[in-house]
Amino acid sequence: MSDYSRLSLNSATTKKWTLAEAVGGCVQAGIPAIGPWRDIVADAGLDKAARLIKDAGLRVSSLCRGGFLTAPYPEGQSAALADNRAAVLEAVALETSELFLVVGGLAPGEKDVVAARRRVADRLEDLVPFAVEHGVRLVLEPLHPMYAADRALISTLGQALDLASPYDSTAVGVAVDTFHVWWDPELRAQIERAGRENRIASYQVCDFNLPIAADALLSRGMMGDGVIDFATIGTWVRDAGYTGDIEVEIFNQQIWETDGNAVLETVKERYAELVLPFA
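I will try to describe carefully the structure that is included in this document. Residue numbers restart at each chain and count upward from 1, following the sequence in its written direction. In view of the model being predicted, local features appear only for residues whose pLDDT reaches at least 70, and side-chain atom pairs are presented and counted only at 80 or more, with totals across whole chains, interfaces and linings using the full set of residues. The basis for every side-chain value is the complete set of non-hydrogen atoms in the structure, without hydrogens or water.

### Things to note about the sheet that holds strand 4 (residues 63–67)
Okay, so step 1: Pairing in this open sheet of 9 strands is parallel, and the strands run 3-2-1-11-8-7-6-5-4 from one edge to the other. Each having just a single partner strand, strand 3 (59–60) and strand 4 make up the two edges of the open sheet.
Okay, so step 2: Relative to strand 7 (residues 172–177), strand 6 (residues 137–140) is paired through 3 bridges, and the arrangement is parallel. The residue of strand 7 that forms the bridge with Leu140 is Val174.
Okay, so step 3: Helix-sheet contacts for helix 4 (residues 74–93) involve strand 4, strand 5 (98–102) and strand 6, and the interaxial angle to strand 4 is about 160°. In this scheme, strands are said to pair when DSSP sees at least two bridges between them. In this text, helices come from DSSP runs of H or I with a minimum length of four residues, and strands from runs of E with a minimum of two, each type numbered from the N-terminal end. For this analysis, residues touch if any pair of their heavy atoms sits within 4.5 Å. The convention used is that axes are lines fitted to C-alpha atoms, helices contributing only their stretch in contact, and that angles between N-to-C directions extend from 0 to 180 degrees.

### Some remarks on the state of the cysteines
Okay, so step 1: Two cysteine sulfur atoms form a disulfide, by the criterion used here, when they sit within 2.5 Å. Scanning all chains against the criterion turns up 0 disulfides.
Okay, so step 2: Not engaged in a disulfide, the cysteine Cys26 finds its nearest cysteine sulfur in Cys64; these two sulfurs lie 14 Å apart.
Okay, so step 3: When a residue's accessible area, from a 1.4 Å probe over protein chains only, is under 20% of the maximum for its type it is buried; when over 50% it is exposed; and in between it is partly exposed. What makes Cys26 buried here is its relative accessible area of 0%.
Okay, so step 4: Cys206 forms no disulfide, and the closest cysteine sulfur to it belongs to Cys64, at a distance of 12 Å.
Okay, so step 5: Taking the relative accessible area as the measure of exposure, Cys206 reaches 0% and is therefore buried.

### Re the packing of aromatic side chains
Okay, so step 1: Aromatic rings from Phe, Tyr and Trp, taking only the six-membered ring of Trp, are treated as a pair when their centres fall within 6.5 Å; an angle between ring planes under 30 degrees marks them as stacked, one over 60 as edge-to-face, and anything in between as tilted. In total, this model carries 6 aromatic pairs according to the counting rule given.
Okay, so step 2: One aromatic cluster is present, built from ring pairs that chain together Tyr147, Phe179, Trp182 and Phe208.
Okay, so step 3: We call a charge positioned above a ring when the Lys NZ or Arg CZ atom is no farther than 6 Å from the ring centre and deviates by at most 35 degrees from the ring normal. Note that Arg85 overlies the ring of Phe130, its terminal NZ or CZ placed 6.0 Å from the centroid.
Okay, so step 4: The positively charged end of Lys268 is found above the aromatic ring belonging to Tyr4, 5.0 Å away from the centroid.

### Describing the environment of Ile212
Okay, so step 1: One can find Ile212 in the loop between strand 9 (207–208) and strand 10 (220–221).
Okay, so step 2: Judged by relative accessible area, Ile212 falls into the partly exposed class, the value being 36%.

Now the structure itself:
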């Protein structure tokens, strides 16, 4: 009998499901945790969403997502901070301490990567005190470099750790998402560093499929369908001391078009085979 006690469904994996359907699917499949995205929480209504998850006996592993902190002008910066503060309060209502941040890419027409990254650091400095006040950790998620221009100028775990370094580990952590970091030649050393600094806030798993989809966002695959070595990365994460939830987060059109309950059964099978033995 496999142990699914650390398995969490990130709601992106069953994108066509409402929050109620995702919660019901988790309960039926025996998956004890869920990582909802803010859009389906908003569709359900925050208070109703919190009650729905709690009444089902699920825990919330994380909330996705805040971020997009690279606006160059005061109006955009203020809007970003307002949205992220709202996300912090949503995390509180859902009883999770982990709020993912996708930091954002270049502003339209911009080419100054250094300046854009500096703005991320500045906005993080603005946001951390509010998050700390409410007991929420900001989780920096490095994204694969193919998303640097438009989604996340932070591409490596080392960059995320450097950005987190001015703050206590209870205030700013990092995510290890296999899809985004598997390629990094410094990955082992940076996972070890993250462990020493007690900054691993989340471990997310999915595969890196080839060929890259026409929409690169949809190239994530079910574990075992792509090129990622889950045994090696999972062992590094485990040896770094991470014992928290393991979220399955997949953006894949074919999976979205598959019956959600069937997807969850495959998730459990692949998790038990490829992830759990090394977790």
